[in-house]
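What follows is the residue order along each chain.
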Amino acid sequence: MATTTPAKLGRISRTHYASQLTREDIGFEVVVAGWIEDFRDIGKLGFIMLRDVTGLVQTVLKGEILLKARNIPRQSNVMIAGKVQETKAKNFAVELSVNEITILSEASLTLPIDPTGRVESNLDTRLDSRALDLRNPKVLDIFVLRSGILRIIRDFFSENNFIEVNTPKIIGSASEGGSNLFSFDYFRRKGYLAQSPQLYKEQLVLSLDRVFEIAPYFRAENSHTLRHLNEFYSVDMEAAYLDYTAVMDLVEDLVKRLIVFTKESKRVNVKNPILEPKTFEDLTQKQFPRIRYEDCINELQNLGEEVEFGQDLSDASLKKLGEKFSNFFFIVDWPLDLKPFYIHEKEDDPKMSKSFDLQFGYLELVSGGTRQHDVTKLKSRLELQGLSHESFKDHLRVFEWGMPPHSGCGLGLDRLMMVLSGVNNIRETVLYPRDTTRISP
Ligand code: ATP
Ligand code: MG
């Protein structure tokens with residue numbers, strides 16, 4: 001008989017999660033704990049559908065216990081002791097004949113949302129009651145998947161000799177010179193929330209060779225889209241002695257591994273096109289296309305878009321490209337002017353850069369590139385972008401201590417989760433999203 005680490009609670013303790021009960025347990029006494037999803041009463045018999053984090057179990061009640069159960073509101077938390085028996089129900093392997101039911105915590109009779117999902121609520125209402133919303137298995141699955149994805153990401157980087165780091169999120173000067181920083185009073189000085197770990201992770205390759213960090217970015221941008229939040233998670237990496245094409249190889253390997261994991265996890269409830277057999281096979285077997293920025297511009301012009309070489313790709317252009325190259329593709333070798341000061345130029349064409357974005361259709365998932373490690377060039381790039389050496393002095397001095405050539409990227413975790421779980425709003429993939437109108441709960 002399968003057992004779990006017992007969840008002890010007074011006299012009785014949980015022996016099983018709902019999903020662990022199998023026909024092998026028939027005849028044994030077990031204890032499960034969870035919330036009442038449904039109660040069906042047919043007079044002499046009653047059925048409680050008890051859900052826990054792993055799944056659903058059908059329990060059968062009669063006599064005194066049934067009388068007691070009639071008064072327990074749905075969604076209340078209970079512990080049920082019973083004997084495992086054969087069942088006639090199609091959806092279950094076994095059922096429990098209840099010997100004892102302990103009410104652990106009663107739910108109120110009127111709840112803000114229906115976590116079974118039968119009565120649908122809009123996303124805003126669900127987010128207002130997120131803790132309860134997570135009792136809906138469709139919602140829960142996204143976060144169980146996310147947890148697994150984080151585990152695979154950590155394994156992947158550690159197999160590739162990356163050291164996990166944690167850099168500060170409270171910083172004293174604008175990390176990338178951008179204007180979209182949250183600022184606040186920090187003991188009579190100005191403090192900022194880090195918009196990325198870019199500068200720290202570059203500094204760390206001086207000694208740590210390869211680093212990665214999984215951490216929040218904070219951006220004070222006034223976006224109202226389905227793919228922007230003001231706090232989001234990024235998987236950042238930086239590696240000495242690699243160039244941007246090697247970083248693309250790593251990103252591609254990682255994403256493929258995550259797609260395979262997602263398929264195996266069976267945690268995706270919606271019809272997700274990337275998991276359809278043919279697409280899945282293509283995505284995991286073939287190389288992601290790598291299209292030069294210049295070719296994207298030509299392509300867009302052929303499609304009748306009014307776009308010139310040297311311009312950033314607008315949402316409309318990305319949508320067009322996304323229709324042409326569906327699923328994952330890289331856009332490589334952007335004009336240097338479009339990229340931040342720390343990106344390296346192409347030696348054979350210095351107006352262009354060693355950079356890439358990974359797209360999923362119109363959705364940008366990753367930005368990366370080879371970094372400039374020559375401090376003189378770095379300084380002139382800062383000047384060109386109107387940034388002062390003074391505010392980057394702590395950073396620049398590190399480049400005088402023997403900085404190896406290096407490359408890296410930042411991958412938007414929440415956006416990747418949109419793709420893997422097949423949802424179109426980033427808010428579905430974040431427990432407590434922060435956007436321009438939402439700062440609580
Ligand atoms: P975009 O052009 O889509 O606003 P970006 O180029 O400003 O993105 P980067 O600075 O390159 O973003 O950040 C690295 C990655 O973080 C992006 O490729 C994307 O996956 C993710 N990301 C960026 N901004 C946001 C945001 N506001 N909300 C969620 N994820 C984001
Ligand atoms: Mg980007």
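Cut-offs applied
Counting starts from 1 at the beginning of each chain's written sequence and moves along it residue by residue. Each chain takes a letter, starting from A, and each ligand takes a number, starting from 1, following the order in which they are written. With the structure being a predicted model, the display of local features is reserved for residues of pLDDT at least 70 and the display and counting of side-chain atom pairs for 80 or more, all residues being used for whole-chain, interface and lining totals. Note that water and hydrogens are dropped before the side-chain values are worked out from all heavy atoms of the structure. Here a helix means four or more residues in a row that DSSP labels H or I, a strand means two or more in a row labelled E, and each is numbered from the N terminus. Residue burial is assigned from relative accessible area. The probe radius is 1.4 Å, only protein chains are included, and a residue is buried under 20% of its type maximum, exposed over 50%, and partly exposed in between. Whether two residues are in contact is decided by their heavy atoms, any of which lying within 4.5 Å being enough. Using a 1.4 Å probe, the Shrake-Rupley method yields the accessible areas, and only the shown protein chains count as cover for residues. Only four residue types enter the tally: Lys and Arg on the positive side, Asp and Glu on the negative side; His and the chain ends are excluded. By convention, the point assigned to a charge is CZ for Arg, NZ for Lys, CD for Glu and CG for Asp. Only nitrogen, oxygen and sulfur atoms qualify as donors, and only when within 2.8 Å of the metal (3.2 Å in the case of Na, K and Ca); with water excluded, sites may look incomplete. UniProt positions are given in the numbering used here, feature names are shortened, and annotations may be inferred rather than shown by experiment. The pocket and cavity definitions rest on a 1 Å grid over protein atoms only: a 1.4 Å probe that fits but cannot leave marks a cavity, an open set with protein on both sides within 12 Å along at least five of seven lines marks a pocket, and residues lining either have an atom within 4 Å of a point. Grid points are joined across faces, edges and corners, and a volume is the space filled by probe spheres set on the points. Lys, Arg, Asp and Glu make up the charged group, whereas Ala, Val, Leu, Ile, Met, Phe, Trp, Tyr, Cys and Pro make up the nonpolar group; the residues left over, Gly among them, are polar. For the purposes of these results, a polar contact is taken to be a pair of N or O atoms within 3.5 Å, where, inside protein, one atom must be able to donate a hydrogen and its partner to accept one; residues adjacent in sequence count only when each atom of the pair is a side-chain atom. Whenever a carboxyl oxygen of Asp or Glu lies within 4 Å of a side-chain nitrogen of Lys or Arg, that contact is scored as a salt bridge. Multiplying 1.5 Å by the helix residue count minus one yields the expected span of that helix. Domain borders in the structure are assigned automatically or taken from a domain database. Once two parts are put together, the accessible area they lose, assessed with a 1.4 Å probe and summed over both, is termed the buried area. The arc in question is traced by the directions running from the helix axis to the C-beta atoms. The definition of a nonpolar core used throughout is a set of buried Ala, Val, Leu, Ile, Met, Phe, Trp, Tyr and Cys residues joined through side-chain atoms within 4.5 Å. In this description, a line fitted to the C-alpha atoms serves as the axis of each element, helices being fitted only across the stretch in contact, and the angle between N-to-C directions of two axes falls anywhere from 0 to 180 degrees. An angle below 35 degrees is treated as roughly parallel, one above 145 as roughly antiparallel, one from 65 to 115 as roughly perpendicular, and anything else as oblique.

Engineer: How do you make sense of the overall build of the protein when you look at a structure like this?
Structural biologist: In terms of helices and strands, the protein carries 12 helices and 20 strands. Looking at the protein residue by residue over its 441 residues, the buried ones come to 52%. Sequence separation of 24 or more characterises 63% of the internal contacts of the protein that already satisfy a separation of 6 or more. Split by element, the accessible area of the protein, about 21,600 Å² in all, is 50% carbon and sulfur. Within the protein, the 63 negative side-chain charges are centred at a point lying 7 Å from the centre of the 57 positive side-chain charges.

Engineer: I keep staring at the coordination of the magnesium ion (ligand 2) and nothing clicks. Help me out?
Structural biologist: For the magnesium ion (ligand 2), the full set of protein donor atoms is E364 (OE) and S367 (OG), at a range of 2.2 to 2.3 Å. Owing to a relative accessible area of 29%, E364 belongs among the partly exposed residues under this scheme.

Engineer: Would you mind showing me how to read the UniProt feature "binding site: Mg(2+) 3" (unreviewed entry) in the protein here?
Structural biologist: Mapped onto the present numbering, the UniProt feature "binding site: Mg(2+) 3" (unreviewed entry) falls on E364. Topologically, E364 is positioned in strand β19 (residues 363–370). E364 has contacts with D357, L358, Q359 and R415, leaving out every residue within four places of it along the chain.

Engineer: How do you make sense of empty space enclosed by the protein when you look at a structure like this?
Structural biologist: Gaps between atoms show up when a probe of the same size as a water molecule is rolled over them. Per the stated rule, a full pass over the model turns up one cavity of 30 Å³ or more. In this structure, the largest cavity occupies an estimated 50 Å³ of space. Forming the walls of the largest cavity are F156, F157, V235, M237, L250, V251, L254, C409 and L411. For the lining of the largest cavity, the secondary structure elements donating two or more residues are α4 (137–159), β13 (231–240), α6 (244–265) and β20 (406–412). At three residues, α6 tops the list of elements feeding residues into the lining of the largest cavity. When the residues that make up the lining of the largest cavity are grouped by side-chain class, the tally is nine nonpolar, no polar and no charged.

Engineer: Honestly, the side chain of S407 in this entry has me stumped. Any pointers?
Structural biologist: Examined against the element boundaries, S407 turns out to sit in strand β20. A distance of 2.7 Å separates a polar atom in the side chain of S407 from the backbone oxygen of L242. Among residues more than four places away in sequence, those in contact with S407 are E238, A239, L242, D243, Y244, V247, G369, T370 and R371.

Engineer: Is there a simple way to think about the pattern of salt bridges in this case?
Structural biologist: Close approach of charged atoms allows side chains with opposite charge to pair. Tallied over the full model, the rule gives 37 salt bridges. Among the ionic contacts, a cluster of salt bridges with common partners joins R126, R130, D133 and E428.

Engineer: Please explain α6 as it appears in this structure.
Structural biologist: Note: α-helices contain 3.6 residues per turn, so residues at a spacing of three or four share the same orientation. The end-to-end C-alpha distance of α6 is 31 Å, a good match for the 32 Å that 22 residues give at a rise of 1.5 Å each. Directly after α6, the chain includes K266, whose backbone phi takes a positive value near 55°.

Engineer: Whenever I open this one, the domain arrangement of the protein confuses me. Can you help?
Structural biologist: Interfaces are frequently sized by the accessible area removed from exposure as the parts join. With domains assigned, the protein is organised as domain 1 (3–105) and domain 2 (131–289 + 325–429). Each side of the interface is counted separately: domain 1 has five residues, and domain 2 has four residues. Between domain 1 and domain 2, the buried area comes to about 450 Å², and carbon and sulfur atoms account for 52% of it. Our count for the contact surface shared by domain 1 and domain 2 stands at zero salt bridges. Summed over the shared surface of domain 1 and domain 2, the result is one residue pair in polar contact (both at pLDDT 80 or more).

Engineer: What should I look at first to understand helix α9 (residues 315–324) in this one?
Structural biologist: Three or more residues of α9 are buried, namely S317, L318, L321 and G322. For α9, the angular spread of the buried residues around the axis is 140°, confining them to a single face. On its buried face, α9 sits against α8 (293–302), β15 (328–332) and β18 (355–360).

Engineer: What is the right way to look at the environment of S179 in this model?
Structural biologist: Here S179 is to be found in the loop between β9 (170–171) and β10 (183–186). By relative accessible area, S179 is classed as exposed at 73%. C-alpha separation for the pair S179 and R219, spaced 40 residues apart in sequence, amounts to 9.2 Å.

Engineer: I keep staring at the nonpolar core and nothing clicks. Help me out?
Structural biologist: For soluble globular proteins, the rule of thumb is that nonpolar side chains tend to be buried together. By size, the foremost hydrophobic cluster in this structure holds 55 residues, and its most contacted members are F328 and F356. One finds A18, V57, I65 and A69 within the second-largest nonpolar core, a separate group that totals 21 residues.

Engineer: I keep staring at the environment of D333 and nothing clicks. Help me out?
Structural biologist: By secondary structure assignment, the location of D333 is in the loop between β15 and β16 (345–346). Each C-alpha atom of the pair D333 and S355 lies 5.2 Å from the other, and the pair is 22 residues apart in sequence. Look past the residues within four positions of D333 in its chain and what remains in contact with it is Y244, R292, Y293, K346, M352, S353 and S355.

Engineer: I'm lost on the packing of α8 against α9 in this one. Help?
Structural biologist: In helix packing, the relevant descriptors are the interaxial angle and the interaxial distance, both defined with respect to the helix axes. Two numbers describe how α8 lies on α9: the axes approach to 10 Å, and their chain directions differ by 90°. Relative to α9, α8 is oriented roughly perpendicular. Contact residues: C296, E299 and L300 in α8; S317, K320, L321 and K324 in α9. For the contact of α8 with α9, the class distribution of residues is three nonpolar, one polar and three charged.

Engineer: How should I be thinking about the layout of surface pockets in this particular structure?
Structural biologist: In this model, the largest pocket occupies a volume close to 1,200 Å³. In this structure, the largest pocket is lined by 44 residues; those nearest its centre are R219, K339, D357, E364 and S367. For the lining of the largest pocket, the secondary structure elements donating two or more residues are α5 (198–208), β13, α9, β18, β19, β20 and α12 (413–421). Element by element, the count of residues in the lining of the largest pocket is highest for β19, at five residues. Within the lining of the largest pocket, the residues separate by chemical class into 17 nonpolar, 13 polar and 14 charged. What the second largest pocket holds in volume is close to 510 Å³. Looking at the lining of the second largest pocket element by element, the count peaks at four residues for α4. Looking at the lining of the second largest pocket residue by residue, the classes come out as nine nonpolar, seven polar and eight charged.

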